[in-house]
Amino acid sequence: MSQRGLRPLSIIPYLRTREGRLAYGHALKRGWSGILDQFLRKKVYVVDDDDAVRDSMCIFLEACGLDVHEFRSAREFLATMCARPSGCLLLDLHMPEMNGLELLELLRERGSQLPVVMFTGRSASVLKERAQRSGAVMLDKPVRDDVLLKALDNAFDARAQVN
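Everything numeric in this text was worked out from a predicted model, so none of it was measured.

Rules behind the numbers
- Residues numbered from 1 in each chain as written.
- Predicted model: local features only at pLDDT ≥ 70, side-chain atom pairs only at ≥ 80, totals over all residues.
- Heavy atoms only, no water.
- pLDDT = per-residue confidence, 0-100.
- Helix = DSSP H or I, 4+ residues; strand = E, 2+ residues; numbered from the N terminus.
- Contact = heavy atoms within 4.5 Å.
- Axes fitted to C-alpha atoms, helices over the stretch in contact; angles between N-to-C directions.
- Parallel < 35°, antiparallel > 145°, perpendicular 65-115°, else oblique.
- Left-handed = near helix turned anticlockwise from the far one by under 90°.
- Nonpolar A, V, L, I, M, F, W, Y, C, P; charged D, E, K, R; others polar.
- Buried < 20%, exposed > 50% of the residue type's maximum accessible area, 1.4 Å probe, protein only.
- Pairing = 2+ DSSP bridges.
- Salt bridge = Lys/Arg side-chain N within 4 Å of Asp/Glu carboxyl O.

Chemist: Account for the confidence of the model for the protein chain, with residues named and values stated.
Modeler: For the protein chain, mean pLDDT is 76; residues scoring 70 or higher make up 70% of the total. Within the protein chain, helix H1 (residues 24-40) has the poorest average pLDDT of any element, 45, and strand E1 (residues 43-47) the best, 95. Scored below 50 in pLDDT, residues 32-39 makes 13 contacts in the model with residues more than four places away or belonging to other chains.

This is the structure:
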């Protein structure tokens, strides 16, 4: 029982984490504040076809307290996400099928103002310019942790000013 006599989310058997779920007992030990943190954290959608890069980014961002959702491709992101996702999109520029720039332009055509931080391991100035014109922040791989966090922080600030 919590201080107010309410049982904190005892009807929810687990919370989703990167590994799939958080143990029921652990959720109860955390109480209301821990559970609310799960829902109030800033969301980041990581879209990258490279498993190693995507996994390491997701682990780092989760360790920083962000609510991270990962996708292997632009098409998987589009198929899974609602029409107006909240948060920030962290997007690889070069992917098969649909590249990051095509996804960004499609989202803008649909009216999405989702902030985008795009990263690339190749320097293609024409593509970088197109991405920046569509409102994305461009970063070069390998991305330093502090630079990534600053870019995400700026993206969240920009989103807050729009809303």
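Chemist: Which residues make up the packing of helix H4 (residues 100-109) against helix H5 (residues 125-133), and what values go with them?
Modeler: For any two helices packed against each other, the geometry is given by the interaxial angle and the distance between the axes. Packing of H4 against H5 leaves a shortest axis separation of 10 Å and a crossing angle of 20 degrees. Between H4 and H5, the crossing angle belongs to the class labelled roughly parallel. Considering the relative orientation of H4 and H5, their crossing is left-handed. Here Leu 101, Leu 104 and Glu 105 of H4 lie close against H5, whose contacting residues are Leu 127, Arg 130 and Ala 131. Classifying every residue of the contact of H4 with H5 gives 4 nonpolar, no polar and 2 charged.

Chemist: Which residues make up unusual backbone geometry, and what are the values?
Modeler: For the bond running from Lys 141 to Pro 142, omega is -5 degrees, close enough to zero to count as cis. Position of Pro 142 among the secondary structure elements: in the loop between strand E5 (137-140) and helix H6 (145-162). One non-glycine residue with positive phi stands out, namely Glu 97, at about 65 degrees. Here Glu 97 lies in the loop between strand E3 (88-92) and H4. On the accessibility criterion, Glu 97 (66% relative accessible area) is exposed.

Chemist: I'd love a proper account of the sheet that holds E3, names of residues and values included.
Modeler: Across the sheet, 5 strands lie side by side as E2-E1-E3-E4-E5; this open sheet has parallel pairing. Of all the strands in the sheet, just strand E2 (67-71) and E5 have a single pairing partner and so form its edges. When the angles between neighbouring strand axes are averaged without regard to direction, this sheet yields 20 degrees. Of the strand pairs in this sheet, E1 and E3 are connected by 4 bridges, and their pairing is parallel.

Chemist: How would you summarise the side chain of Ser 134 if you had to cite specific residues and measurements?
Modeler: If you trace the backbone, Ser 134 turns up in the loop between H5 and E5. Apart from the residues lying within four places of it in its own chain, the contact partners of Ser 134 are Leu 104, Glu 105 and Arg 108.

Chemist: Could you give an account of the pairing of E3, with specific residues and numbers?
Modeler: Burial analysis of E3 places 5 of its 5 residues in the buried class, which makes it a mostly covered element. A two-sided burial pattern is seen for E3, the buried positions comprising Cys 88, Leu 90 and Asp 92 on one face and Leu 89 and Leu 91 on the other. Sheet analysis places E3 next to strand E4 (residues 116-120), joined by 4 bridges and oriented parallel. Bridge assignment links Asp 92 to a residue of E4, and that residue is Phe 119.

Chemist: Can you break down the pattern of salt bridges residue by residue, with the values?
Modeler: Pairing of side chains with opposite charge becomes possible as their charged atoms draw close. Summed over all chains, the structure comprises 8 salt bridges. A salt bridge links Asp 48 to Lys 141; the shortest N-O distance between them is 3.8 Å. Of this pair, Asp 48 sits in the loop between E1 and helix H2 (51-63) while Lys 141 sits in the loop between E5 and H6, placing them 93 residues apart in sequence. Looking at Lys 141, the relative accessible area reads 27%, which means it is partly exposed.

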